[in-house]
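Fold and geometry: a report
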Amino acid sequence: MPESGVKKTAYDLAKRFPGLRLLARRCLRVLRGAVYRLRTWNITPDPKTVLFCSYHGKSCSCSPRAIYDYMLASPAYGEYRFLWASAEPSGEKALADSPRTRVIPFGGRAFERAMAGAGYWVFNSTLPEYISPRRGQVYLQCWHGTPLKRLGCDIQEEGNAMNSLAEIRRKYRLEGKKVDCFLSPSPFASACFRSAWQLDRRGRGDVILELGYPRNDRLANATPEECQAQRRKLGIPSGKRVVLYAPTFRDDQHISGTGYAYRPAVDFAALREALGEDYVILFRAHYLVATACDFSAWGGFVLDVSGVEEINDLYLAADLMITDYSSTMFDYAVLRRPILFYMYDLEQYRDRLRGFYFDLNELPGPILTEEAQLAPAVRATEGFAWDERWEAFRRRFAPLDDGQAARRVTEAVMGKGKEK
């Protein structure tokens, strides 16, 4: 049987027999952990080596990239060496060009030895379950967004296609035991992270670093010239109004052997007819979504930008954003531009999948539940003015995204390493 067939069969069995899945995962974790310790027992962590990883190696971006860029440019860290774990090392030429940076494959023996030898780990998603930091190592969890939807131990519904509620909570509790520093952009996010990872229950609430998201430094410092440069880079004709559509994934939309899927919830042909030639839609799938989308039928009206590594490039290029329950809303608010909230499956998502950390009435923009509302709402943003309601939203969820977060975070984490 081909490898893809084996993988699909394994996924199907895992879905049908959760008890077997749980036992298999536990055995695999214990076995891989023992092998990892055996392979790396003689490796001593280097206090001047930092290993970065974003989205399980799917890109080299987000806050880890902002911290890396800051350290690489700062004379204070001139003696440090950097490692990047990437699923596609050959595609990271810009990183590999730095003599102090090495790109390694995510997973496998080289990755394990790099993890064991680095004094600092900087991740924006969870560690492999079988790996834990040892004495002399500092693990910074940047996470990848301010939460609207409930996370980890706060999820109440059995709506995930691949993990039971008990499995999700166990994974988050395990991760919560590992972190030395947990990055937060606001008091609101800090409270959510403490709860979702059950940090306070284990007396670990002090690992929270409430210092802002380094990835948003670029947004806070953006100039009109940089925004125009990003539009040109994407090939957007001059004079077009640019809409970024960035929906999140759905926990219950999973294809065995492939991954989470995107099921189109927008009739782009109808939207093009309603908006005319003045608009361009940038479609950005969530990083967990594996299925490709074919937008060729809509010519230059819809551009699939899911492969653009750095979402900040898209934020800068867009005049407005449409999202649903994604944390992109909090980052985009740093730019003080309009956001539309297209929540066509609101009841299903709220009541049977995730639930939310706050009442959606607090959102400053319109909540759209019908596709017919999209085009008029997009047109209405042409007269958008940033007002006190929007500013209150930004102050609550992104008060520390002031363009200096990378510096603050780096200094704090390096200080933590000296304490160890």
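Our subject is the structure that appears above.
Given the structure is predicted, the values throughout are model-derived calculations rather than measurements.

Here's the deal with the overall build of the protein chain
- The helix and strand tally for the protein chain stands at 16 helices and 15 strands.
- Considering only residue pairs separated by 6 or more positions, the protein chain has 70% of its internal contacts joining residues 24 or more positions apart.
- As displayed, the protein chain offers around 18600 Å² of accessible surface, 52% of which is attributable to carbon and sulfur atoms.

Overview of helix H15 (residues 388-397)
- Those residues of H15 that sit buried are Trp390, Glu391, Phe393, Arg394 and Phe397. The arc enclosing the buried residues of H15, seen along the axis, measures out at 155°, which places them on a common side.
- If you follow the buried residues of H15, they end up packed against helix H7 (187-196), helix H12 (328-332) and strand S14 (339-342).
- Capping the start of H15 is the job of one residue whose side-chain oxygen sits 3.2 Å from the backbone nitrogen of Arg389: Asp387.

Looking at the packing of aromatic side chains
- Summed over all chains, the structure comprises 33 aromatic pairs.
- Centroid distance Phe182 to Trp197: 4.7 Å. Interplanar angle 65°. Geometry classified as edge-to-face. Taken together, the positions of Phe182 in strand S6 (residues 181-184) and Trp197 in the loop between H7 and strand S7 (208-210) put the pair 15 residues apart, joining distant regions of the chain.
- A relative accessible area of 0% means that Phe182 is categorised as buried.
- Among the aromatic residues, those joined into a ring-pair cluster are Trp143, Tyr172, Phe182, Phe193 and Trp197.
- Positioned above the aromatic ring of Tyr213 is the side chain of Arg215, whose terminal nitrogen or guanidinium carbon lies 4.9 Å from the ring centre.
- In this structure, Arg396 packs its charged tip against the face of Phe358, placed 5.7 Å from the ring centre.

A short note on the sheet that holds S6
- The sheet built from seven strands is open, its strands ordered S3-S2-S1-S4-S5-S6-S7 with parallel pairing. Of all strands in the sheet, those bounded by a partner on one side alone are strand S3 (101-105) and S7. Each strand of the sheet is rotated relative to its neighbour by a mean of 25°, with strand direction disregarded.
- As defined by bridge partners, strand S2 (residues 81-86) adjoins S3 across five bridges and the pair is classed as parallel. What sits directly across from Ala85, in S3, is Ile104.
- Set on the sheet, helix H5 (residues 108-117) makes contact with strand S1 (46-53), S2, S3 and strand S4 (118-123); between it and S4 the angle comes to about 110°.

Examining the side chain of Ser184
- Residue position: Ser184 is located in strand S6.
- On the basis of relative accessibility, which here comes to 0%, the residue Ser184 falls in the buried class.
- One polar contact links the side chain of Ser184 to the main-chain carbonyl oxygen of Ser186, over a distance of 2.9 Å.
- Those residues within four positions of Ser184 in sequence are excluded, and the remaining contacts are Ala189, Ser190, Phe193, Ile208, Leu209, Glu210, Leu211 and Gly212.

Some thoughts on the environment of Ser54
- Tracing the backbone through its elements, the reader meets Ser54 in the loop between S1 and helix H3 (62-73).
- For Ser54 and Ala85, which are 31 residues apart along the polypeptide, the C-alpha to C-alpha distance reads 8.0 Å.
- Dropping the residues within four chain positions of it, Ser54 is found in contact with Ser59, Cys60, Ser61, Cys62, Pro64, Trp84 and Asn124.

Some points on the side chain of Gln137
- Note that Gln137 resides in the loop between S4 and strand S5 (138-141).
- Relative accessible area serves as the criterion here: at 0%, Gln137 is assigned to the buried category.
- Within the local environment of Gln137, its side chain forms a polar contact with the backbone oxygen of Met115, the two atoms lying 2.7 Å apart.
- Separated by 3.3 Å, the side chain of Gln137 and the backbone oxygen of Ala116 make a polar contact.

Topic: the environment of Pro224
- When you line up the elements, Pro224 lands in helix H9 (residues 224-233).
- C-alpha separation for the pair Pro224 and Leu316, spaced 92 residues apart in sequence, amounts to 8.8 Å.

Details of the sheet that holds strand S8 (residues 241-246)
- If you trace the six strands from one edge of the open sheet to the other, you get S12-S11-S8-S13-S14-S15, paired in parallel fashion. Across the chains shown, the open sheet's two edge strands, defined by having one partner strand only, are strand S12 (302-304) and strand S15 (367-368).
- Pairing between S8 and strand S11 (residues 279-283): five bridges, direction parallel. Within the sheet, the bridge partner assigned to Arg241 lies in S11 and is Tyr279.

With respect to the environment of Asp304
- Note that Asp304 resides in strand S12.
- Residue Asp304 is classed as partly exposed on the basis of its relative accessible area, which comes to 38%.
- Sequence separation between Asp304 and Ala285 is 19 residues, and the spatial gap between their C-alpha atoms is 8.4 Å.

A look at unusual backbone geometry
- The residue His56 is not glycine, and still its phi comes out positive at about 55°.
- With respect to the helices and strands, His56 occurs in the loop between S1 and H3.
- For His56, a relative accessible area of 29% puts it in the partly exposed group.
- A positive phi angle, near 50°, is found at Gln198, a position not held by glycine.
- Relative to the helices and strands, Gln198 resides in the loop between H7 and S7.

Reading guide: rules and limits
Residues numbered from 1 in each chain as written. Predicted model: local features only at pLDDT ≥ 70, side-chain atom pairs only at ≥ 80, totals over all residues. Heavy atoms only, no water. Helix = DSSP H or I, 4+ residues; strand = E, 2+ residues; numbered from the N terminus. Contact = heavy atoms within 4.5 Å. Areas by Shrake-Rupley, 256 points an atom, 1.4 Å probe, with all protein chains shown as cover. Buried < 20%, exposed > 50% of the residue type's maximum accessible area, 1.4 Å probe, protein only. Arc of directions from axis to C-beta. Polar contact = N/O pair within 3.5 Å; in protein donor to acceptor, adjacent residues only side chain to side chain. Phe/Tyr/Trp six-rings, centres within 6.5 Å; stacked < 30°, edge-to-face > 60°. Lys NZ or Arg CZ within 6 Å of the ring centre and 35° of its normal. Pairing = 2+ DSSP bridges. Axes fitted to C-alpha atoms, helices over the stretch in contact; angles between N-to-C directions.

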